[in-house]
Amino acid sequence: MSLMARLLDFFGDADGESEAYQCIRCGGTFDREYYECPDCGVSHAVVRTTDE
Ligand SMILES: [Zn+2]
């Protein structure tokens, strides 16, 4: 694992609740729900992930 990947993993797990939402179109991950994906602009594409 690269140093950058380790840093991203550390910050991603900092609060245990980050990036709980993901766009099913572009795969972008977010820490809150969006009506439209901020990355690709598609409506109803951001869904809650269940990685617990
Ligand atoms: Zn998207």
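1. Some words on the overall build of the protein
Okay, step 1: Counting secondary structure elements, the protein contains one helix and three strands.
Okay, step 2: The order of helices and strands in the protein, counted from the N terminus, is α-β-β-β.
Okay, step 3: Summarising the internal contacts of the protein: among those between residues at least 6 apart in sequence, 23% fall at separations of at least 24.
Okay, step 4: Summed over its atoms, the accessible surface of the protein is roughly 4300 Å², and 50% of this surface lies on carbon and sulfur atoms.

2. Quick notes on the coordination of the zinc ion
Okay, step 1: In this structure, Cys23 (SG), Cys26 (SG), Cys37 (SG) and Cys40 (SG) serve as the protein donors to the zinc ion, at separations of 2.3 Å.
Okay, step 2: Around the zinc ion sit four donor atoms, and with donor-metal-donor angles ranging over 104 to 120° the site reads as tetrahedral.
Okay, step 3: On the primary sequence, the residues serving as donors to the zinc ion are separated as C-x2-C-x10-C-x2-C. One end of the pair, Cys23, is in strand 1 (residues 21-23); the other, Cys40, is in the loop between strand 2 (29-30) and strand 3 (46-48), and 17 residues separate them in sequence.
Okay, step 4: Classification of Cys40 by relative accessible area gives partly exposed; the value is 34%.

3. Topic: the environment of Gly27
Okay, step 1: Position of Gly27 relative to the elements: it lies in the loop between strand 1 and strand 2.
Okay, step 2: Judged by relative accessible area, which is 34%, Gly27 ranks as partly exposed.
Okay, step 3: Residues Gly27 and Cys40 lie 13 residues apart in sequence; the distance between their C-alpha atoms is 9.6 Å.

4. Digging into the sheet that holds strand 1
The pairing of strands in a sheet comes from backbone hydrogen bonds and takes either a parallel or an antiparallel form.
Okay, step 1: Spatial strand order, 2-1-3: three strands in an open sheet with antiparallel pairing. Each end of this open sheet is capped by a strand with a single partner; those strands are strand 2 and strand 3.
Okay, step 2: Alignment of strand 1 against strand 3, held across three bridges, turns out to be antiparallel. Directly across from Gln22, in strand 3, lies its bridge partner Val47.

Quick notes on the rules
- Residues numbered from 1 in each chain as written.
- Predicted model: local features only at pLDDT ≥ 70, side-chain atom pairs only at ≥ 80, totals over all residues.
- Heavy atoms only, no water.
- Helix = DSSP H or I, 4+ residues; strand = E, 2+ residues; numbered from the N terminus.
- Contact = heavy atoms within 4.5 Å.
- Areas by Shrake-Rupley, 256 points an atom, 1.4 Å probe, with all protein chains shown as cover.
- Donors = N, O, S within 2.8 Å, 3.2 Å for Na, K, Ca; no water.
- Tetrahedral: all angles 85-135°; square planar, octahedral: opposite > 155°, others 65-115°.
- Buried < 20%, exposed > 50% of the residue type's maximum accessible area, 1.4 Å probe, protein only.
- Pairing = 2+ DSSP bridges.

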